[in-house]
Amino acid sequence: MLLQFYAEMSGNLHRPSADTGYSLLHHAVRFECMKALQYLLAAGVNPNLPTARSNITNMSSASPPIILAGMYHAPRAFVALCRAPGIDLEIWNMSGKNLVRLWLNLAYLGFALA
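Residues numbered from 1 in each chain as written. Predicted model: local features only at pLDDT ≥ 70, side-chain atom pairs only at ≥ 80, totals over all residues. Heavy atoms only, no water.

J.: Explain the overall build of the protein here, please?
T.: Within the protein, the secondary structure is distributed over six helices and zero strands. The buried share of the protein, reckoned over its 114 residues, is 34%. Considering only contacts in the protein between residues 6 or more positions apart, those separated by 24 or more positions represent 54%. (Helix = DSSP H or I, 4+ residues; strand = E, 2+ residues; numbered from the N terminus. Buried < 20%, exposed > 50% of the residue type's maximum accessible area, 1.4 Å probe, protein only. Contact = heavy atoms within 4.5 Å.)

Laid out in structure tokens, this is it:
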């Protein structure tokens, strides 16, 4: 796997890109690349690592991977992150809403109505 090779060659699996503000974990979540996501979590990448300020968008908001999983409609990544050791499910947005709990409730409602 390319990520394993990168890590073995002293690559930093945690560092966000200066261009996008995303780390490898954020990209794995965004594209729902489960092998990469599982490798990164097993390698000890922080599942709560927020995005960094982006040079492209100049956005100052920081989003952890689990929020991105909801934003990008990546349910398998969302579930994997919910199960990750050390994950913080008490994430609040600027409006005072816990988006993770909201998405978990919607997922439960979807299963209950199916």
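On we go.
J.: What exactly am I supposed to notice about helix H5 (residues 75-82) here?
T.: Among all positions of H5, only Ala77, Phe78, Ala80 and Leu81 are buried. For H5, the angular spread of the buried residues around the axis is 165 degrees, confining them to a single face. (Arc of directions from axis to C-beta.)

J.: What is the right way to look at the pattern of salt bridges in this model?
T.: For the structure on display, the rule yields one salt bridge. The residue Arg76 makes a salt bridge to Glu32 at a minimum N-O spacing of 3.8 Å. Residue Arg76 is found in helix H5, and its partner Glu32 is found in the loop between helix H2 (24-30) and helix H3 (34-42); the two are separated by 44 residues along the sequence. A relative accessible area of 18% places Glu32 in the buried class. (Salt bridge = Lys/Arg side-chain N within 4 Å of Asp/Glu carboxyl O.)

J.: Explain the environment of Gly44 here, please?
T.: Here Gly44 shows up in the loop between H3 and helix H4 (65-71). Of the residues examined, Gly44 reaches a relative accessible area of 48% and is grouped as partly exposed. Once the C-alpha coordinates of Gly44 and Leu13 are considered, the two residues, 31 residues apart in sequence, prove to be 9.1 Å apart.

J.: Teacher, can you tell me more about the environment of Leu49 here?
T.: Along the chain, the position of Leu49 falls in the loop between H3 and H4. The sequence separation of Leu49 and Leu25 amounts to 24 residues, and the corresponding C-alpha distance is 8.5 Å. Leave out the neighbours within four places in its chain, and Leu49 touches His14, Ser23, His26, Ser63, Pro64 and Pro65.

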